[in-house]
Amino acid sequence: DQQVKQNSPSLSVQEGRISILNCDYTNSMFDYFLWYKKYPAEGPTFLISISSIKDKNEDGRFTVFLNKSAKHLSLHIVPSQPGDSAVYFCAASGYGGATNKLIFGTGTLLAVQP
Amino acid sequence: EAQVTQNPRYLITVTGKKLTVTCSQNMNHEYMSWYRQDPGLGLRQIYYSMNVEVTDKGDVPEGYKVSRKEKRNFPLILESPSPNQTSLYFCASSLVRDSKGQYFGPGTRLTVT
């Protein structure tokens, strides 16, 4: 049973436009959410996170939105750049803010076209 | 430089030949974990360790062993590899609470023929 789902395996956007990556979860006990970015031949690297007490967190071009009632989060990248092309994983944790036990989604491959 | 290292990065082996993938971190993290990444399945946890001599099964532990004799090292052992263990493996480490979650190694691409 997939507790964290990324239903879009891939997404293609034009440079300069907005990229929106989506993630749904089923476990209402999750209280901390993270996005990781992965380039080929490298390990995932942290991008941005959000606590369940917030509904938005912003860091430069990246914004994560959390809709607890819908059990949905999204990552917005504005403006998108070719260097953003990577696989993006969302992850969730339900241990009072602990981030060692993470449940990952299946990933979305983002391609930003020049 | 803070990092998680894994060796080897690439490995091709045959069914049944025991192998070990090493993982080391230099951030004094208590928590370490192994994941495998497979197409369409994302990252699935194999084993994790909360501290030295404390290990526990993750979601897909069958066919794997781990040990944590030192805080910095967390090797993954495949006693008798099988083709279904062909995958991309990642080691990760973290504090229990860190707003940036886990820090990942560069990955080990394993092929079992």
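Residues numbered from 1 in each chain as written. Chains lettered and ligands numbered in written order. Predicted model: local features only at pLDDT ≥ 70, side-chain atom pairs only at ≥ 80, totals over all residues. Heavy atoms only, no water.

### Comments concerning the pattern of salt bridges
All names here are of chain B. The tally for this structure, following the rule as stated, stands at 5 salt bridges over all chains. Linking Lys18 and Glu79 is a salt bridge whose minimum nitrogen-to-oxygen distance equals 3.9 Å. One end of the pair, Lys18, is in the loop between β2 (10-13) and β3 (19-25); the other, Glu79, is in the loop between β8 (76-78) and β9 (87-94), and 61 residues separate them in sequence. Note on Lys18: relative accessible area 52%, which makes it exposed. Taking relative accessible area as the criterion, Glu79 reaches 36% and is therefore assigned partly exposed. (Salt bridge = Lys/Arg side-chain N within 4 Å of Asp/Glu carboxyl O. Helix = DSSP H or I, 4+ residues; strand = E, 2+ residues; numbered from the N terminus. Buried < 20%, exposed > 50% of the residue type's maximum accessible area, 1.4 Å probe, protein only.)

### Focus on the sheet that holds strand β6 (residues 56-59) of chain A
Residue and element names in this part refer to chain A. Strand order in this open sheet of 5 strands is β1-β3-β8-β7-β6, and the pairing throughout is antiparallel. The sheet is open, and its two borders are formed by β1 (4-5) and β6, each paired with just one other strand. The pairing of β1 with strand β3 (residues 19-25) spans 2 bridges and is antiparallel. Its bridge partner being in β3, Val4 is matched across the sheet by Tyr25. (Pairing = 2+ DSSP bridges.)

### Side note on the state of the cysteines
Tallied over the full model, the rule gives 2 disulfides over all chains. In this model, Cys23 of chain A is linked to Cys90 of chain A through a disulfide, with the two sulfur atoms separated by 1.9 Å. On the sign convention where negative is left-handed, the bridge of Cys23 of chain A and Cys90 of chain A, at about 65° about the S-S bond, is right-handed. On the criterion of sequence distance, the pair formed by Cys23 of chain A in strand β3 and Cys90 of chain A in strand β9 (residues 86-93) is long-range, its members being 67 residues apart. The burial state of Cys23 of chain A is the same as that of Cys90 of chain A; both residues are buried. Two residues, Cys23 of chain B and Cys91 of chain B, share a disulfide whose sulfurs are 1.8 Å apart. On the sign convention where negative is left-handed, the bridge of Cys23 of chain B and Cys91 of chain B, at about -70° about the S-S bond, is left-handed. A residue pair is termed long-range when its members are at least 10 positions apart, and Cys23 of chain B in strand β3 and Cys91 of chain B in strand β9 qualify at 68 residues. (Disulfide = S-S within 2.5 Å.)

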